[in-house]
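# Fold and contact review
Take a look at the letters that make up each chain.
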Amino acid sequence: MSNNSTTSMRQAMVVIATGEEWSLLKPLLQDNFGDEYHQLTFRSDGPTQVCDITVDGVSTSLYFTDLKQNMTAQDISQALYGCYKLCSSGNITFLLLIQGGHYTKSQRRMIEILQVDFGADVLKYLIVLSLDDGHIVDTLDDTLLELINTCDGRYCHITSSSTKEKLLALIEMANYVLKENGSSGYTENMLSNAKKRNMEDSAMRMLKEKLQEAEQKEQAFIQETRLQEERRAREVKELEKKHAEERKEEAAERTVYVTKRENLEEAVRSHRASLQLLIHRVEDETSEMSVVLLGLSGSGKSSAGNLILQRAASQYSISDPFQDPIQPTIACERKELIAAGKKLIVVDTPELWDEDGVEDLELVKDCLALALPGPHVFLLVLQVGRFTQGESEMLGHLQKIFGREFAEHAIVLFVHFDSNQHRPQKINDYVTSAHLSLQDLLRKCGSRYYELNVAKSHNALSYPQVKELLSGVNKLVASHGGSCFSSRRFSVQELKERKKTLEERKEEATEGNYLLRDS
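Notes on the structure follow. Note that the structure is a prediction, hence the values are computed from the model and not measured. (Residues numbered from 1 in each chain as written. Predicted model: local features only at pLDDT ≥ 70, side-chain atom pairs only at ≥ 80, totals over all residues. Heavy atoms only, no water.)

## Comments concerning the packing of helix α2 (residues 73–86) against helix α3 (residues 105–118)
Interaxial distance between α2 and α3 falls to 10 Å at its minimum, and their mutual angle equals 65 degrees. The angle between the axes of α2 and α3 places the two elements in the roughly perpendicular class. The handedness of the crossing between α2 and α3 is right-handed. Contacts from A73, I76, S77, L80, Y81 and Y84 of α2 reach α3 at R109, I113, L114, D117 and F118. Residue classes in the contact of α2 with α3 are distributed as eight nonpolar, one polar and two charged. (Axes fitted to C-alpha atoms, helices over the stretch in contact; angles between N-to-C directions. Helix = DSSP H or I, 4+ residues; strand = E, 2+ residues; numbered from the N terminus. Parallel < 35°, antiparallel > 145°, perpendicular 65-115°, else oblique. Left-handed = near helix turned anticlockwise from the far one by under 90°. Contact = heavy atoms within 4.5 Å. Nonpolar A, V, L, I, M, F, W, Y, C, P; charged D, E, K, R; others polar.)

The following block contains the structure:
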C-alpha cells in the first residue's frame, strides 16, 4: 500500500450500520489482522465503538454507533454527527455496511438522513461494503445499483475466503476517495454548508406548505364569499324592489346635506383665515410678496397690473398717464416696487394654454420663475359684463396646470372697462345676478373677489379699490401663515435657474436696444 500525501494524516471512517452488521464485521477484522504489519485494536468512546487498524504504518479508524431500526430520524442524525465529531481530526470518509448484497428499506432511510444532514456531496466520500452472511442475492436491486453508481462504483463484497484482501482493498479504496475528492476528506466546512442548505430547504418547504395552506384557505374563502355575494345579491334585489322610492328620498337628502356641509366648511375656512390674520400678522420690512395675474386675452390683466403698481406706489395724481392702448401680452413680465416697507412683485402673463386647452409648459415655468420667492397669490382677472365659455373653463385649466390646491391661493379680480356709465354697477349686485358657472367659480375660490375700475373717467375709484385689494391679498397670505404656493412640478432650484436665464435675456435685449438707439 502506498503511503502518499493522502495518507499523511490519520484516516477515519464513519460506519453507517446497525449492531447486526457491525457484529459480522468485527470477527472478520479480528481473524485477519494481528501480525506485526497489520495491527488491530478495539476501544470505546462513550456509546461509540472505535476500531483502529494500522497497515504498513498507516492508521485507519472505524467509528461505529448502533443505528437501531426503530430510532427516529433525529436520533440517527445525532448518532451520525457524534461519530463525525469524534473523527473530525482525521481524513474522513463514510462506510455503509450491508449484508449479502441486500439494501434494506432501513438502510435506504439511513442514507437519506445522511444526505439531508451532511448534504448531497457526502456521497462522494461514501463506500458500500457488503458482508457475506450466507444469504447472498443473485443480482443487486435497482436502488443499490443507483447508490453504487452515485458513489462512482465504490462497492466491496467480502467473503470468508477473501476477507483480508478485500479489507485491504477497502482501505486502498478510501485512499483513492481522498485522492480524488480532496486529501482532507469530508470537512467541517462542507457540513456547515450542508446545514445551511438544509435550513434553507426546510424554510422553503415550510414556506411552500404555508403557501399551499394559504391557497386552500383562499379558495375556501372565495367559495364562501361567492355564496355570500349571491345571497346578498338576492337580498339587495329584493330590497331595491321594495325600497326604491326610499332610496331616492335618501339621495336627495344627502345632496342637501353635502351642500350644507360644503357651505359650512367654507365658512369655517373663511373664519380660520380671519383668525390666522390676527395671530400671524407680521410686519417685516424686508418681506416680499408676489402676485401673478392670470386670465384670458383681453381680460385687462396688464391694465390692472399697471394700475395696482401705480396706486401701491402712492401715485394718486389724477393726471397720472395711463398706458393706453396696451399691447397684448405675449410673454411673462415681472414688475416690482417697494410699498409700505414691503417689496410687491406683480407678474403679468399671457394665456397659459391654447384654444385646445393644451398648456404652454415654457410659459408656466416662466410664470413661476418670475414670481419667486412666491407666488403668494393668483389674481384671476375677469372683465365685468363678459363671462364666456372659455372663462367658465378657466379654473379647470389652471387647476390642471398648478394643481387642485391652486384655488386656495386664488382671488378673483373683476375689472371695469366701461367708461360710459355714470356710476358703475356695484360688484355685489353683479355677482348676485351672475351666471351659475361664475358663482360656482367664486365659491371654489373661497368667495374671495374684488373689483378694480381702470376706466379713465372713474380714475378716482381705483384708489380705495387697490387699497382694499392689497388688504385682501395680505389676508389670504396671512391665512397660509405667510407661506407661498409650492409647485410640485418644478423644484425651487430649477425655477431659480430659469429666472436667472430670463434676467440674462432681458439684459441682452436692453443692451441691444440701447446700441440701436445710439447707432
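## A few points about the nonpolar core
Ranked by size, the top nonpolar core spans 62 residues in total, and within it I16, F94 and L147 carry the most contacts. Non-local contacts of L147, meaning those with residues more than four positions away in its chain, are made with L96, Y103, I111, L123, L126 and V128. One finds V364, L370, L438 and L441 within the second-largest nonpolar core, a separate group that totals 41 residues. (Core = buried A, V, L, I, M, F, W, Y, C linked by side-chain atoms within 4.5 Å. Buried < 20%, exposed > 50% of the residue type's maximum accessible area, 1.4 Å probe, protein only.)

## Focus on the environment of C445
Structurally, the position occupied by C445 is in the loop between α12 (436–444) and β13 (449–453). Sequence separation between C445 and I411 is 34 residues; the distance between their C-alpha atoms is 6.5 Å. When near neighbours in sequence (up to four residues on either side) are disregarded, C445 contacts L380, L395, A407, A410 and V412.

## Description of the pairing of strand β11 (residues 377–383)
Among the seven residues that make up β11, seven are buried, leaving the element largely enclosed by the rest of the structure. Relative to β11, strand β8 (residues 288–294) runs parallel, the two sharing four bridges. Each bridged residue has a counterpart across the sheet, and for V292 the counterpart in β11 is F378. (Pairing = 2+ DSSP bridges.)

## Observations concerning the packing of aromatic side chains
In the structure shown here, the tally under the stated rule is 14 aromatic pairs. When the ring of F378 is compared with that of F406, the centres are 4.7 Å apart and the planes differ by 45 degrees; the resulting orientation is tilted. Of the two residues, F378 sits in strand β11 while F406 sits in the loop between α10 (394–402) and β12 (410–416), which places them 28 residues apart along the sequence. By the burial criterion, F378 is buried, and F406 matches it. (Phe/Tyr/Trp six-rings, centres within 6.5 Å; stacked < 30°, edge-to-face > 60°.)

## Some thoughts on a negative patch on the surface
A cluster of acidic residues, E245, E246, E249, E250 and E253, forms a negative patch at the surface. Summarising the element assignment, E253 is placed in helix α6 (residues 188–280). (Patch = residues over 30% accessible without salt bridge, like charges linked within 9 Å, V, L, I, M, F, W, Y side chains within 5 Å. Areas by Shrake-Rupley, 256 points an atom, 1.4 Å probe, with all protein chains shown as cover. Salt bridge = Lys/Arg side-chain N within 4 Å of Asp/Glu carboxyl O. Lys, Arg positive; Asp, Glu negative; His and termini not counted. Charge placed at Lys NZ, Arg CZ, Asp CG, Glu CD.)

## Section: empty space enclosed by the protein
Under the defined criterion, the tally for this structure stands at three cavities of 30 Å³ or more. Its boundaries defined by the atoms lining it, the largest cavity holds a volume of some 70 Å³. Residue lining of the largest cavity: M13, L25, L29, F33, I53, T60, L62, L167, L170 and I171, and that is the complete set. Counting residues per element, the ones that place at least two in the lining of the largest cavity are α1 (19–32), β4 (58–64) and α5 (163–181). Looking at the lining of the largest cavity, the element that brings in the most residues is α5, giving three residues. In terms of residue class, the lining of the largest cavity is made up of nine nonpolar, one polar and no charged. (1 Å grid on protein atoms, 1.4 Å probe; cavity = no way out; pocket = protein on both sides within 12 Å on 5 of 7 lines; lining within 4 Å. Points joined across faces, edges and corners; volume = space filled by probe spheres on them.)

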